[in-house]
Amino acid sequence: MKIARVEVFPLEFPFRSAFLIAGGVAGRPGEPSVRVLVRLETEGGAVGWGEATPTPRWTYETTESIVSTLRKYLAPAVKGIEIWNFDALHRAMDRAISPGVTTGSPLAKSAIDVAAHDALGRALGVPVHQLLGGRRREEFQLSWMISVSEPAGAQRLAEEGLEAGYEVFDVKVGMHGEAGDLELVRATRAVVGDRVVQVDANRGYSLAAARRQAARFADHGVTLFEQPLDGFNLSGYRALCAASAVEIGIDESLRSTADLIEYVRADAIHVAVAKVQRNSGLYRSRQLCETAQAAGLGLSLSGLTETDLGLAAGLHLAAAFDISPLQLNGPQYIETPFLAERVWRGGGTVRLPDGPGLGVDVDEGWVRSHAVEVSL
């Protein structure tokens, strides 16, 4: 069951609608958006797939860096490692690309980690959630993203989410000023009634602004205020957590389990946001979720608008830790033409895939014929 080869396939998919975050435009309608698929094969012939999503507006990993990191550094480093030995797998990847002052190319590492979990599950004939310790739920609510260039567009987008069957709404704030962001939340609440509304600032506020906005968001029934501040900001998040009537969640600043421990020690976090790609895959995401639950924190789970392949990986993690609703918004923005059967069937709920590994079947011929060249 040793890893024999790792292949890398950059693919382009058109974005359905605009995707904006505080860092800038992450996707435009009709523009091609790259997802990097990894095919991992063992000496015994077991095959697994993983996905990396280049998101330069959110992190430093670009399409070019992910592809070159996978092909030139990570793939040679993991060859010959038993796929069940996730500790050895990550040690080898960390030697090839050192964590240093960051976590060291987590999106690229995640693609290999997920592919190894998929291959191991298929070789053993068990689903990935069993490799993660169990299954505590099978059905999940997905959130509908309210991400607009002008607050006036919130009403229309919220109505689209309702028509599509969603019960949870995730509003992107931090880019319209305090008044504009508040209007965005007001407009969403007016449309969705008493349904769940969360906000995600993607590091867009100062501490003073976040304090003010937390009080305003509480008045509008917001249940989660995610990533309001930038950086590893223990003092800022501690002050905000103490003052906020809305639970404070941390995503981008939660790079590792060690970071989480420091936030817990400082009373600077209410909800830990798990993210498979940000945490270098399922192995370290499981460690983070176990630590968060042991500390008595809430858990959320978000993604990077992955295809249904990445969605499946997130669902297996959510199943093991009973997480719902999920901020896995890929189906809102992107199609998945390379699977024999999609995971998402429409609407605001999704079920855990059946079958071994991730429970999805990749059309390898489609992937090979549609892979694009990347200039390195």
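Here the structure is a predicted model, which is why all the values come from computation and not from measurement.

Considering the layout of surface pockets
Empty space within the largest pocket amounts to approximately 460 Å³. Around the largest pocket, the lining is made up of 20 residues, and of these Arg345, Arg351, Leu352, Pro353 and Asp354 lie nearest the centre. When residues of the lining of the largest pocket are assigned to their parent elements, the largest contribution, three residues, is made by strand β14 (residues 349-351).

With respect to empty space enclosed by the protein
A water-sized probe rolled over the atoms picks out the places where empty space is left. Counted under the stated rule, the structure contains two cavities of 30 Å³ or more. Split by residue class, the lining of the largest cavity holds five nonpolar, seven polar and six charged. Val276, Gln277, Glu306, Gly310 and Ala313 are, among the 15 residues lining the second largest cavity, the residues nearest its centre. Counting only elements with at least two residues in the lining of the second largest cavity, the list comes to α3 (106-124) and α11 (308-321). Of all the elements, α11 adds the most residues to the lining of the second largest cavity, at four residues.

Description of the packing of helix α5 (residues 154-163) against helix α6 (residues 177-192)
Close contact between α5 and α6 brings their axes to 9 Å; oriented N to C, the two are set at 35 degrees. Considering the relative orientation of α5 and α6, their crossing is right-handed. Residues Ala154, Gln155, Ala158, Glu159 and Leu162 of α5 form the contact with α6, whose participating residues are Leu184, Ala187, Thr188, Val191 and Val192. Considering only residue class, the contact of α5 with α6 consists of seven nonpolar, two polar and one charged.

Here we look at a nonpolar patch on the surface
A contiguous nonpolar surface patch, about 330 Å² in accessible area, is contributed by Met1, Trp84 and Leu124. Judged by relative accessible area, methionine 1 falls into the partly exposed class, the value being 39%.

A few points about the side chain of arginine 39
By the element assignment, arginine 39 lies in strand β4 (residues 32-42). For arginine 39, a relative accessible area of 8% corresponds to the buried category. Looking at arginine 39, its side chain comes within polar contact range of the side chain of glutamate 364, at 3.0 Å. The residues touching arginine 39, leaving out its near neighbours within four places in the chain, are Arg5, Val6, Glu7, Phe9, Val47, Gly48, Trp49, Glu364 and Arg368.

Some words on α3
When the terminal C-alpha atoms of α3 are compared, their 26 Å separation across 19 residues agrees well with the 27 Å that a helix rising 1.5 Å per residue should span. Of all 19 residues in α3, 16 are buried; the element is thus mostly enclosed.

As for the pattern of salt bridges
One pass over the structure, following the stated rule, counts 32 salt bridges. One salt bridge in this structure joins glutamate 167 and arginine 195, with 3.1 Å as the shortest N-O distance. With glutamate 167 in the loop between α5 and β8 (168-172) and arginine 195 in the loop between α6 and β9 (196-200), this residue pair connects regions lying 28 residues apart in the sequence. Where salt bridges share partners, they join Arg5, Glu7, Arg39, Glu41, Glu364 and Arg368 into one cluster.

Considering the environment of proline 32
With respect to the helices and strands, the residue proline 32 is situated in strand β4. For proline 32, a relative accessible area of 55% gives the class exposed. Expressed as a C-alpha distance, the spacing of proline 32 and glutamate 226, which sit 194 residues apart in the sequence, is 28 Å. Residue contacts for proline 32: discarding those within four places in its chain leaves Glu12, Phe13 and Pro14.

Quick look at the packing of helix α10 (residues 282-294) against α11
Across the interface, α10 lies against α11 with an axial gap of 11 Å and an inter-helix angle of 30 degrees. Between α10 and α11, the crossing angle belongs to the class labelled roughly parallel. At the point where α10 passes α11, the crossing takes the right-handed sense. Judged by residue contacts, Leu282, Ser285, Arg286, Cys289, Glu290 and Gln293 of α10 engage Ala313, Leu317 and Phe321 from α11. A per-class count over the contact of α10 with α11 returns five nonpolar, two polar and two charged.

Criteria and cut-off values
Residues numbered from 1 in each chain as written. Predicted model: local features only at pLDDT ≥ 70, side-chain atom pairs only at ≥ 80, totals over all residues. Heavy atoms only, no water. 1 Å grid on protein atoms, 1.4 Å probe; cavity = no way out; pocket = protein on both sides within 12 Å on 5 of 7 lines; lining within 4 Å. Points joined across faces, edges and corners; volume = space filled by probe spheres on them. Helix = DSSP H or I, 4+ residues; strand = E, 2+ residues; numbered from the N terminus. Nonpolar A, V, L, I, M, F, W, Y, C, P; charged D, E, K, R; others polar. Axes fitted to C-alpha atoms, helices over the stretch in contact; angles between N-to-C directions. Left-handed = near helix turned anticlockwise from the far one by under 90°. Contact = heavy atoms within 4.5 Å. Patch = residues over 30% accessible without salt bridge, like charges linked within 9 Å, V, L, I, M, F, W, Y side chains within 5 Å. Areas by Shrake-Rupley, 256 points an atom, 1.4 Å probe, with all protein chains shown as cover. Salt bridge = Lys/Arg side-chain N within 4 Å of Asp/Glu carboxyl O. Buried < 20%, exposed > 50% of the residue type's maximum accessible area, 1.4 Å probe, protein only. Polar contact = N/O pair within 3.5 Å; in protein donor to acceptor, adjacent residues only side chain to side chain. Expected span 1.5 Å × (residues − 1). Parallel < 35°, antiparallel > 145°, perpendicular 65-115°, else oblique.

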